[in-house]
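Structure at a glance
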Amino acid sequence: MTDDKAFWKSENSLISSLPYFVIQLSIMMLLIRFLFLILKPLRQPRFLAELLSSILVGPAFLANTSWFPKYIHPAKTTKTLDTMGQLGLVYYMFLVGLEMDLTMLRHIEKKAMWNAGFGMLFPLGMGTCSYFLLTYLKGMDTAGMGGAVWAITLTVTSFSDLARVLSDMKLLHTEIGKLALSSALVSDLVAWALLVLSITMVNRHFYFMNVFAIILFVLLCWFAVRPALAWAIRLNNSYNGGMDYELLIYFILGGVVIFGLVTDACGSQSMFGAFMFGLIIPKGELGMRLMEKLEDLVTGILLPAFFWTNGLKIDFSTLKSPHYNIFMVIFVIILSCVSKVISAFVFSMAHGYPVREGIALGVLMNTKGVLALIILNAGRDMEGFDDPMFAIMTISLIIMTIMVKPIALAATKTSKQVRQYKRRTIEKSKQDSELRILACIHSVSNLSGIINLLEVSNPTKQSPIVVFALHLVQLTARRVSAMLIVHDAYHRAQTASGQESYSREIEESDHIITAFQNYENRSPAVSVQSLTVVSPYASMKEDVCRLAEEKRVNFILVPFHKQPDVYGKLQDEEDVSLRTVNQNLLATAPCSIGILIDRGLGESQAQNHFVMLFIGGADSREALAYAWRMAGSASVSLTVVRFLPSGDGVDDEEQALTDEERERKLDDEYINDFRYKTMYEQSISYAEMTVDSGHEIITALRRMHNGYDLYIVGKGQGAISQLTSGLLEWSDCEELGALGDTLLSSDFADTSSILIIQQHYIAKSAAKNANSNRPDYQQNPANWLSPLGISQ
């Protein structure tokens, strides 16, 4: 009875350790964020910040102080922190399996397979040799398990981390990028299989039983659980249209832990069960929902606990032992860092790649991530190597991570100079030359308006249209596998049940490609080339601008960041990321650019009534040039309305002309040319209105409202200031310009589509060096010269 009372009166370990756990987690998250902000200008990945933060809380720094074990990390909190860290690893490996698509292995070239194979065999040998070299010099008996774990750590290439590195460097879909990414997928799978096999073989008493249990588990997952999951997804789709996955998600999140428990009972690690469970889940909407729910929780909250416990195992002071010669330690670290680089470089030379590309491929294949730390911790837990060896391998991982981006950037930096083309605008294009348009698509909802606008752009044999249909895809973890797909190379993957297995990105790209192919087939004077850019929104404008530069595009067409509903009304919710992309493109585009606000353009009737509002300046002239081209289509009738300020025009030419007066003269010349050449065109009408302010323009537009299908306006560069006064006072979207933003919020144009156009121009400082008043070239930012990750 006394013992029972003592038990109930004892301290609850969970309650006592929970406050410490919250403090530890908060410190680790702050450290990771702080180091990431410091390392970001140096172009270092997040993994380096996570690894360095784990070292800061280790024995070498904070853990060596007197107050740290007392106030931050008492010994009794270690189990709680380690438990949460292991749970984070289980769900992390589930996410790794979830973002991998084994059907992509069918599309990997033999060259990538050979690169992956050679890139594993050579580091395996060098890793084993370096391990035995250290143990021999230390004078201890060698342990085969430690050598195996060390070698596997060197062979692994983090697939997801490499994808982000390639995206940042704009190498994602270059030949070297695709080769590295494909090889990394194979390397990760083989390294994980080797690790599972090594762990399973540790318990020699039940060796055959463990191996048999793991093989049986893999077979059951693939041939029993996977079809069952596919059936559950189809059943869910049949009942609620596939929109509600909440119940399935709850079952799967619980199943992750159950699968981890099963593999742990089979003599392997729980992380392998979670990885297999993620691998067999059919790719599609369910997988993306799981990623959205888990990604921030796992990488932002649970994994920092693992990095904390990992840091407690790193003790650099153990390297001071007389058993370790400092020069030999340095030699082993260098050997570990260059083994993967040497193997990929030799492979590149054997296949005829230039030396610089071979070096780039080598360092890219050396990209490490959380999986490398998992393998190291597994080897230490199995007593495969001691604390000094663990510290040596940690130093090697840090050096490998640091050298990836700088060396790869230096190796891939091109010395090719950008050719100076003439100023690329529609206004300055010859009437018998082709018009090259880069049409940006974020989703299938943008398709209808953009294709309908292209159809009324009047392609002819004398002036054909070349369309580059660019599908812009945000780079996220769940889209890593889709990066290996090339438009003209991939085929639809079939599941074991014969059903198509698409991710939403692939299905969306296929829909976009098909729509533009149909447009090309029914328009003989149009040629279409479909491409995809997979990039973070922050750097997406660099990809678009680089492509526009390479393709010598005259006009970039982008959709508005707000989408219309079924009635054509713009939704209140806006996509801030897409708006930022549009704003960045307006600031850096190497050619003219237009933003289309689609409200059902071309869907109501066969005859389209367009109106072009001319308020002066380069943007208005560019908008008139595009409207003039569209007016040549038999299905378009165009009304051009020029607004003029009241008062006298330009003074005598003897006076110095201001910029606004100079633009006014150019406007007069272009308008006169337009009126002269279209005077007999029945489908084109022209009118002039004298107004004193922007408010009078709106009043005049409300009176003349005639149910126009499309308003075409310039953004406002060079516009007469008197005509735009008062329009920007209540502006919500400055990227649309004064008149465009006013039309967007007006009641008389609430069902009409709007096209806002900005003409390509350069800064005045560059114009001074030009040979004429109309500069020919806009200097591009330096980062446009970096290779672009584009699949074609």
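For every chain, the first residue of its written sequence is number 1, and the numbers climb from 1 along that sequence. For this predicted model, a pLDDT threshold of at least 70 governs which residues receive local features, and a threshold of 80 or more governs which side-chain atom pairs are given and counted, while totals over whole chains, interfaces and linings are taken from all residues. Side-chain calculation: all heavy atoms of the structure are included, whereas hydrogens and water are not.

1. Quick notes on the side chain of Asp 598
Counted only if it meets this: Numbered from the N terminus, helices here are DSSP runs of H or I no shorter than four residues, and strands are runs of E no shorter than two. Three labels apply to residues, based on accessible area from a 1.4 Å probe with only protein chains included: buried if under 20% of the type maximum, exposed if over 50%, partly exposed otherwise in between. When charges are counted, Lys and Arg are positive and Asp and Glu negative, with His and the chain ends excluded. What makes a salt bridge here is a side-chain nitrogen of Lys or Arg within 4 Å of a carboxyl oxygen of Asp or Glu, nothing more. The definition of a polar contact used here is a pair of N or O atoms within 3.5 Å, where within protein one atom must be able to donate a hydrogen and the other to accept one, and adjacent residues in sequence count solely through side-chain atom pairs.
Mapping Asp 598 onto the fold places it in the loop between β5 (592-597) and β6 (608-614). The buried charged residue Asp 598 lacks any salt bridge, with Arg 599 as its nearest oppositely charged partner at 8.4 Å. Only 3.1 Å separates the side chain of Asp 598 from the backbone nitrogen of Gly 600, close enough to count as a polar contact. Within polar-contact distance, the side chain of Asp 598 engages the backbone nitrogen of Leu 601 at 3.0 Å.

2. Here we look at a nonpolar patch on the surface
Filter applied, for reference: Any residue with relative accessible area above 30% and no salt bridge may belong to a patch, with like charges joined within 9 Å and the nonpolar Val, Leu, Ile, Met, Phe, Trp and Tyr side chains within 5 Å. Note on areas: Shrake-Rupley with a 1.4 Å probe; residue coverage comes only from the protein chains shown.
Taken together, the side chains of Ile 326, Phe 327, Ile 330 and Ile 334 present a nonpolar region at the surface, about 430 Å² in accessible area. As for its placement among the helices and strands, Ile 326 is situated in helix α14 (residues 326-350). Its relative accessible area of 51% is what places Ile 326 among the exposed residues.

3. Comments concerning unusual backbone geometry
In this model, Arg 43 sits at a positive phi of 60 degrees, which is unusual for a non-glycine residue. Within the element layout of this structure, Arg 43 appears in the loop between α2 (13-39) and α3 (46-56). Of note in the backbone geometry, Arg 552 takes a positive phi value of approximately 55 degrees without being a glycine. What makes Arg 552 partly exposed here is its relative accessible area of 42%.

4. Observations regarding the pairing of strand β3 (residues 526-535)
We apply this condition: When DSSP finds two or more bridges between two strands, those strands count as paired.
A large share of β3 lies buried, amounting to eight of its 10 residues. Looking at chain direction, strand β2 (residues 465-474) and β3 are connected through 10 bridges and run parallel. Within β3, the position partnered with Leu 472 by the bridge is Val 533.

5. Describing the environment of Ser 721
You can see Ser 721 is positioned in helix α25 (residues 721-724). It is 8.3 Å that separates the C-alpha atoms of Ser 721 and Glu 660, two residues lying 61 residues apart in sequence.

6. With respect to the packing of helix α16 (residues 370-381) against helix α17 (residues 387-412)
What describes two packed helices is the angle between their axes and the distance between those same axes. Put simply, the test is: The angle between two axes is taken between their N-to-C directions and runs from 0 to 180 degrees, where each axis is a line fitted to C-alpha atoms and a helix contributes only its stretch in contact. Orientation categories follow fixed angle ranges, with anything under 35 degrees roughly parallel, anything over 145 roughly antiparallel, 65 to 115 roughly perpendicular, and all other angles oblique. Only heavy atoms enter the contact rule, under which two residues are in contact if any of them lie within 4.5 Å. For this scheme, ten residues count as nonpolar: Ala, Val, Leu, Ile, Met, Phe, Trp, Tyr, Cys and Pro. Four count as charged, namely Asp, Glu, Lys and Arg, and the remainder, Gly too, count as polar.
Running from N to C, α16 and α17 point in directions that differ by 170 degrees, and their axes come no closer than 11 Å. Regarding the angle of α16 to α17, the classification is roughly antiparallel. From α16, Ala 372, Leu 373, Leu 376, Asn 377 and Arg 380 reach across to α17, where they touch Asp 387, Phe 390, Met 393 and Leu 397. Within the contact of α16 with α17, the residues separate by chemical class into six nonpolar, one polar and two charged.

7. What to know about helix α18 (residues 447-455)
Of all the nine residues making up α18, seven are buried; the element is thus mostly covered by neighbouring parts of the structure. Of the residues making up α18, those classed as buried are Leu 447, Gly 449, Ile 450, Ile 451, Asn 452, Leu 453 and Leu 454.

8. Some remarks on helix α21 (residues 576-588)
Put simply, the rule reads: To estimate how far a helix should reach, multiply one less than its number of residues by 1.5 Å.
The end-to-end C-alpha separation of α21 is 19 Å, in line with the 18 Å expected for 13 residues at 1.5 Å each. Among all positions of α21, only Leu 578, Arg 579, Val 581, Asn 582, Leu 585, Leu 586 and Thr 588 are buried. On its buried side, α21 packs onto α20 (540-550), β4 (555-559), β5 and β10 (753-758).

9. Here we look at the pattern of salt bridges
It is possible for side chains bearing opposite charge to pair when their charged atoms get close. Using the criterion set out here, one finds 15 salt bridges in the structure. Notably, a salt bridge pairs Arg 380 with Asp 387, separated by 2.8 Å at the nearest N-O pair. On the basis of relative accessibility, which here comes to 23%, the residue Arg 380 falls in the partly exposed class. Two residues, Glu 663 and Arg 621, come together in a salt bridge whose shortest N-O distance is 2.8 Å. Taken together, the positions of Glu 663 in helix α23 (residues 659-677) and Arg 621 in helix α22 (residues 618-630) put the pair 42 residues apart, joining distant regions of the chain. The class for Arg 621 is buried, based on a relative accessible area of 2%. In this structure, a network of salt bridges that share partners links the residues Glu 427, Arg 621, Glu 663 and Asp 667.

10. Observations concerning the confidence of the model for the chain
Defined as follows: For every residue, the predictor reports its confidence as pLDDT, a number between 0 and 100.
Residues of the chain with pLDDT of at least 70 account for 82%, and the chain-wide mean is 79. The secondary-structure element of the chain with the lowest mean pLDDT is strand β11 (residues 790-791), recorded at 34, while β4 shows the highest, at 94. Across residues 415-421, confidence stays below pLDDT 50; counting only partners more than four residues off in sequence or on other chains, it has 12 contacts. Counting interchain partners and residues more than four positions distant, the pLDDT-below-50 stretch residues 763-792 has 75 contacts.

11. Brief notes about the packing of α3 against α17
Applicable threshold: The hand of a helix crossing depends on one turn: near helix anticlockwise from the far one by less than a right angle means left-handed, and clockwise means right-handed.
Where α3 meets α17, the closest approach of the two axes is 10 Å, and the angle between their N-to-C directions is 150 degrees. In terms of orientation, α3 lies roughly antiparallel with respect to α17. When you trace α3 past α17, the crossing you get is left-handed. Only Thr 394, Leu 397, Ile 398, Thr 401 and Ile 402 of α17 make contact with α3, whose side of the interface consists of Phe 47, Leu 48, Leu 51, Leu 52 and Ile 55. Here the contact of α3 with α17 is composed, by residue class, of eight nonpolar, two polar and no charged.

12. A few points about the state of the cysteines
Formally: When two cysteine sulfur atoms lie within 2.5 Å, the pair is treated as a disulfide.
Tallied over the entire structure, the rule returns zero disulfides. Cysteine Cys 545 shares no disulfide, and the gap to the nearest cysteine sulfur, in Cys 591, comes to 8.0 Å. According to the relative accessible area criterion, Cys 545 is buried, its value standing at 0%.

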